[in-house]
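What follows is the residue order along each chain.
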Amino acid sequence: MFLAKQITFISSLYFLATTSAFAVDDWQPLPIGAIQSIAFGSCAMQFKPQPIWNTIAKQNPDLFLFLGDNIYGDFDGKKPFTPTKETLQRDWSMLADEPNFKKFREQVPVMATWDNHDYGKHNGGAEFELKEMTKTALLDFFGEPKDSQRRKTPGIYDAKIFGPPGKRVQVILLDTRYFKGPFIKDPRTMEEKKAAGLTGSMGNYVPNSDPDVTLLGKAQWLWLEEQLMKPAEVRLIASSTQVIPDEKTMDEWGNYPLERQRLFSLIKKTKANGVIILSGNVHFAEISKLGYFSYPLLEFTSSGLTHTNEHYAKAKNTYRIAGPYDQLNFGMIEIDWEVKPSPRIRLCAVGDDGLTVFEHSMAIDSLQY
């Protein structure tokens, strides 16, 4: 019995030693010059094959944005569970060792934020007691330097500006989990929801209009205002959950209407030009447009990389101008800086076969106050 315990203990040490460290050198450095193309996606089950990485790599993006559920650290494909340090190391290692992803990250720089499943709790928020553990696991995996400010600040929000004046692209990664206040459950019965056309996770919640309840948290809101005041020609605000679509009453900004309006008001207050919102989470792709904004405020949603949901794609979205697409997909943002009189942006939803399934383009000049 003693020998068996020794062997188990030694095996555990070996597991930790071989899975807990992900070197910064494993990742491609972030781009330095002007960016012409950015790919993004979300929702990748680490225990499923991921050939879509080969298709994304063929697009030759300058940068890839992981928008959350980068692993399912609280779900094993059959049942949910509460993660531990050991299970997180195991699950991140599964992604690291996935042959297609391993090859991809040797070619393309990556930035990442999280959603509920890599955060560690289904639809979790500020109440999750293990969030510092899951934060460390995620930042370790993506090679965040040990002395970075991101490690010292609550949450994992981050921002970078790429390119010279006249061609600046700002990437803002929001954290919609660490500070998120409580949901309010929808009191309707399953029969009532079904009659309203709501299935699965649709109709889970009703809007929480408590002014004391936050989604981003005070510090992140102050930080975001500072970011939006920095000069840039294009700004990609990445949220793990959808911002503009608010009719599914799933896990989305619509459950926090005051916070949703605060975001729109902040963009107006700072006169931030060139804003496009990116999101994931919902297991299908679409483009939405807020019609009453000072300029066409667009949201490009792409999900998922290993699985999708045709029922969610059928949900009502009066803001939709392209899509939905309910098969495996990723998003592409392409910028042609040489077009006159104004550079143009092209938003493309791309299937796992590499074919564009829908697109929308506009002049950068049209995204200005």
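In this text, all values refer to a predicted model and were calculated from it rather than measured experimentally.

Trainee: Before we move on, could you go through the overall build of the chain and cite the residues and values that matter?
Mentor: The helix and strand tally for the chain stands at eleven helices and 15 strands. The C-alpha atoms of the chain give a radius of gyration of 20 Å, which matches the 21 Å a tight globule of 369 residues would have. C-alpha extents for the chain along the principal axes are approximately 75 × 55 × 40 Å. Roughly 16,000 Å² of accessible area belongs to the chain as shown, and the carbon and sulfur atoms make up 56% of that amount. The average position of the 42 basic charges and that of the 45 acidic charges among the side chains of the chain differ by 2 Å.

Trainee: Would you mind going over the sheet that holds strand E3 (residues 110-112) in detail, with residue names and values included?
Mentor: Where strands meet in a sheet, backbone hydrogen bonds hold them as pairs that are either parallel or antiparallel. As summarised here, the arrangement of the six strands in space is E3-E2-E1-E13-E14-E15, forming an open sheet in which the pairing is mixed. In this open sheet, the two strands that pair with only one neighbour each are E3 and strand E15 (356-363). Sheet twist, expressed as the mean angle between neighbouring strand axes with direction ignored, is 20°.

Trainee: Residues and numbers for the packing of aromatic side chains, please.
Mentor: Tallied over the entire structure, the rule returns 29 aromatic pairs. Taking the centre distance of 6.0 Å and the plane angle of 65° together, the rings of Trp27 and Phe101 count as edge-to-face. Placement of the pair is Trp27 in the loop between helix H1 (2-19) and strand E1 (37-41) and Phe101 in helix H4 (residues 99-105), with a sequence separation of 74 residues. Each member of the pair, Trp27 together with Phe101, is buried. Counting every residue linked through ring pairs, the aromatic cluster contains Trp27, Trp53, Phe64, Phe66, Trp92, Phe101, Phe104, Phe141 and Phe142.

Trainee: I'd like a rundown of helix H6 (residues 131-141), residues and numbers included.
Mentor: Counting buried residues in H6 gives eight out of eleven residues, a clear majority hidden from the surface. The set of residues buried in H6 consists of Lys131, Thr134, Lys135, Ala137, Leu138, Leu139, Asp140 and Phe141. Contacts made by the buried residues of H6 are with helix H3 (85-97), H4, helix H5 (116-119) and helix H7 (149-152).

Trainee: A description of helix H9 (residues 218-228) should follow, citing residues and the corresponding values.
Mentor: Turning to H9, its buried residues number three or more, namely Gln220, Trp221, Trp223, Leu224, Gln227 and Leu228. All buried residues of H9 fall inside an arc of 165° around its axis, so they share one side. Exposed and facing more than 90 degrees away from the buried side of H9 are Lys218 and Glu226.

Trainee: Go over the packing of H9 against helix H10 (residues 257-270) with me, naming the residues and quoting the values.
Mentor: Angle between the axes and distance between the axes: these two values describe a pair of packed helices. Put simply, H9 and H10 touch, their axes get as near as 9 Å, and they point 30° apart. Taken together, the axis directions place H9 and H10 in an arrangement best described as roughly parallel. The crossing of H9 and H10 is right-handed. Of the residues in H10, those in contact with Trp221, Leu224, Glu225 and Leu228 of H9 are Glu259, Arg262, Leu263, Leu266, Ile267, Lys269 and Thr270. Residues belonging to the contact of H9 with H10 are distributed by class as follows: six nonpolar, one polar and four charged.

Trainee: Lay out the environment of Gly291 in plain terms, naming residues and giving numbers.
Mentor: By secondary structure assignment, the location of Gly291 is in the loop between strand E10 (285-290) and strand E11 (297-301). Distance from Gly291 to Pro80, taken between C-alpha atoms, is 39 Å for residues 211 residues apart in sequence.

Trainee: A description of the side chain of Gln50 should follow, citing residues and the corresponding values.
Mentor: Secondary-structure assignment places Gln50 in the loop between E1 and helix H2 (52-58). Looking at Gln50, the relative accessible area reads 1%, which means it is buried. Separated by 3.2 Å, the side chain of Gln50 and the backbone oxygen of Met45 make a polar contact.

Trainee: Please set out the pairing of strand E2 (residues 63-66) residue by residue, giving values where relevant.
Mentor: Burial of E2 is two-sided: the residues Leu63 and Leu65 facing one way and the residues Phe64 and Phe66 facing the other way are all buried. Pairing of E1 with E2, which is carried by four bridges, proceeds in the parallel orientation. Bridge pairing in E2 places Gly41 opposite Phe66. Between E1 and its parallel partner E2, the chain crosses via H2, and the hand of that crossover is right-handed. Bridge analysis of E2 against E3 gives three bridges, and the strand direction is parallel. The residue of E3 that forms the bridge with Phe64 is Val110.

Trainee: Residues and numbers for the pairing of strand E9 (residues 275-279), please.
Mentor: Across the five residues that make up E9, a large majority, five, are buried. Sheet topology note: the strand E8 (residues 234-239)/E9 ladder contains five bridges and is parallel. Opposite Ile237, over in E9, you have Ile277 as the bridge partner. The handedness of the E8 to E9 crossover, carried by H10, is right-handed.

Trainee: Before we move on, could you go through the sheet that holds strand E4 (residues 158-162) and cite the residues and values that matter?
Mentor: One open sheet accounts for seven strands, arranged E4-E5-E8-E9-E11-E10-E12; its pairing is mixed. Each having just a single partner strand, E4 and strand E12 (320-325) make up the two edges of the open sheet. Strand-to-strand twist in this sheet, taken as the mean axis angle between neighbours without regard to direction, amounts to 15°. The sheet strands contacting H9 are E4, strand E5 (169-173) and E8, and the helix crosses E5 at an angle near 175°.

Definitions and limits used
Residues numbered from 1 in each chain as written. Predicted model: local features only at pLDDT ≥ 70, side-chain atom pairs only at ≥ 80, totals over all residues. Heavy atoms only, no water. Helix = DSSP H or I, 4+ residues; strand = E, 2+ residues; numbered from the N terminus. Rg over C-alpha atoms; globule rule 2.2 N^0.38 Å. Areas by Shrake-Rupley, 256 points an atom, 1.4 Å probe, with all protein chains shown as cover. Lys, Arg positive; Asp, Glu negative; His and termini not counted. Charge placed at Lys NZ, Arg CZ, Asp CG, Glu CD. Pairing = 2+ DSSP bridges. Axes fitted to C-alpha atoms, helices over the stretch in contact; angles between N-to-C directions. Phe/Tyr/Trp six-rings, centres within 6.5 Å; stacked < 30°, edge-to-face > 60°. Buried < 20%, exposed > 50% of the residue type's maximum accessible area, 1.4 Å probe, protein only. Contact = heavy atoms within 4.5 Å. Arc of directions from axis to C-beta. Parallel < 35°, antiparallel > 145°, perpendicular 65-115°, else oblique. Left-handed = near helix turned anticlockwise from the far one by under 90°. Nonpolar A, V, L, I, M, F, W, Y, C, P; charged D, E, K, R; others polar. Polar contact = N/O pair within 3.5 Å; in protein donor to acceptor, adjacent residues only side chain to side chain. Right-handed = clockwise from strand over helix to strand, strands pointing away.

None of this, on its own, says anything about what the molecule does.
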